[in-house]
Amino acid sequence: MATVNENDPRLKGIEEQKNQALQDSNNLYQGMIDSSQQYYDAQIEASKQWAEKQSELQQQRTDFQIEQIEQQKQQADKDYTKEQKASYQDYMKQQNAYGSQNQAMGQRGLGSSGWSETTQSGYWNTYQSRVSTARESYNNIILDYNNGIKEAQLANSSALAQLAYEAQQKQLELSLQGFEYKNQLLLQQEEAQRSIDKDYSDRWNTVWNQLYQEAKDQEEWLKWTREMELKLQQMEQEQQRWEKEYELSKQEVALQRQQAYSNYSLSGGSGSLNNSSSADAYGNTTARNKSDYYFSNGYQPQYINNQKLKAVSTVKKVFGSSAPVKGSQNVWQAGNKYYVWVGNGKGGGSYVDITSKYQSHKKNKWCVIW
């Protein structure tokens, strides 16, 4: 069975091309994956910065609102203090007025009367009432302002929580988009790898089949060459045997001619004698004179099976330069058979039938069989 050298440069070349194609494809997709990762990371970072900025602005608005309320509280405290002073000043003025009136009433004999005590008590009560009213109003105002601060803080917390939630949702959305896009690129990369692998596997198989066919043809040719060499050895032995038989046949023919001539002479006959008509080693049954039977070299027959041979090409032109016979040797045709003459170096030789190889080569000219 023919074997293929899997270290053949043609197979190795395809493997190297495949590895390079896979590396180029992986580099391309890895670059796209890295770029997409950088893009989505930048978007997520931008979302975080936006949320931080919005939270900062929200906090500034709340701080400003609380600052205004604190200022209003301070103003309320000032108003309360002012009202206290005003009440006290009015009370003192009334007291002073009361003192002047008290002196006048004393002069009239009314200094220790109940009316003076009632008047003095009324002034004090009025003062205490104004202070109490101012304190109650101040306390209510401060309570409202404190409630306002608390509401502002709660509203701020709610706004900050909403901003954080929205930012987190946006970041999760971007992360999901980045994951899906990256996953899509990975699937495309895997598909590209499968396509490259199939393409170069097909190429590898095509070259492997070609190498197998070449190895098979070479193996068949080596087998045919060995068989031909054995056949040539057998034919050389047959040629030697034939030459011996041919020499004996010539001697026998010469003896027969001599005997016939003797008989002819004794009988007083006339006319000419025919050559022998016995079949030779190539199946020729019609005897010919030596000048007609052989080529000009005097030992190579011109006939096989009574068909005259004709040169149709040379071994080199048909088979190449690696034939086991000289490339300059003719390829001979007789009928539908093809032969080459293999000389034995002694002025003789024999024909070798190469019909099957000749026809196979003519049918598959693309195949180098030598």
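Each value, and the rule that gives it
- Residues numbered from 1 in each chain as written.
- Predicted model: local features only at pLDDT ≥ 70, side-chain atom pairs only at ≥ 80, totals over all residues.
- Heavy atoms only, no water.
- Helix = DSSP H or I, 4+ residues; strand = E, 2+ residues; numbered from the N terminus.
- Polar contact = N/O pair within 3.5 Å; in protein donor to acceptor, adjacent residues only side chain to side chain.
- Phe/Tyr/Trp six-rings, centres within 6.5 Å; stacked < 30°, edge-to-face > 60°.
- Buried < 20%, exposed > 50% of the residue type's maximum accessible area, 1.4 Å probe, protein only.
- Lys NZ or Arg CZ within 6 Å of the ring centre and 35° of its normal.
- Contact = heavy atoms within 4.5 Å.
- Salt bridge = Lys/Arg side-chain N within 4 Å of Asp/Glu carboxyl O.

## Some points on the environment of asparagine 5
Consideration 1: Along the chain, asparagine 5 turns up in the segment before helix 1 (9-107).
Consideration 2: Along the chain, asparagine 5 and alanine 215 lie 210 residues apart, while their C-alpha atoms are 9.1 Å from each other.
Consideration 3: At 3.0 Å, the side chain of asparagine 5 and the backbone nitrogen of asparagine 7 are in polar contact.

## Side note on the packing of aromatic side chains
When we look at a pair of aromatic rings, we describe it by the centre distance and by the angle of the planes.
Consideration 1: Applying the stated criterion across every chain, the model contains twelve aromatic pairs.
Consideration 2: Here tryptophan 124 and tyrosine 127 contribute two aromatic rings whose centre-to-centre distance is 5.5 Å and whose plane-to-plane angle is 50°, an arrangement assigned as tilted. Of this pair, tryptophan 124 and tyrosine 127 both sit in helix 2 (residues 114-267), separated by three residues, roughly a single helical turn.
Consideration 3: Since its relative accessible area comes to 38%, tryptophan 124 is described here as partly exposed.
Consideration 4: Residue classification places tyrosine 127 among the buried positions, given a relative accessible area of 15%.
Consideration 5: One aromatic cluster is present, built from ring pairs that chain together Tyr88, Tyr91, Trp124 and Tyr127.
Consideration 6: In this arrangement the basic side chain of arginine 203 is found over the ring face of tyrosine 200, its NZ or CZ atom lying 4.4 Å from the centre.

## Examining the side chain of lysine 73
Consideration 1: In this fold, lysine 73 is placed in helix 1.
Consideration 2: Leave out the neighbours within four places in its chain, and lysine 73 touches Ile142, Tyr145, Asn146 and Ile149.

## Focus: the pattern of salt bridges
Consideration 1: A full pass over the atoms with the stated rule returns eleven salt bridges.
Consideration 2: For glutamate 191, the salt bridge goes to arginine 194, with nearest N and O atoms at 2.5 Å. Linking glutamate 191 with arginine 194, this pair stays in helix 2, spanning three residues, or about one helical turn.
Consideration 3: The residue lysine 198 makes a salt bridge to aspartate 202 at a minimum N-O spacing of 3.1 Å. Of this pair, lysine 198 and aspartate 202 both sit in helix 2, four residues apart, which is roughly one turn of that helix.
Consideration 4: Overall, the relative accessible area of 53% leaves lysine 198 in the exposed class.
Consideration 5: You can call aspartate 202 partly exposed: its relative accessible area is 38%.

## Some words on unusual backbone geometry
Consideration 1: Phi at asparagine 305 takes a positive value of approximately 55°, unusual for a residue other than glycine.
Consideration 2: Within the secondary structure, asparagine 305 sits in the loop between strand 1 (303-304) and strand 2 (307-308).
Consideration 3: Although it is not a glycine, asparagine 306 sits at a positive phi angle of roughly 65°.

Purely geometric numbers; function is a separate question.
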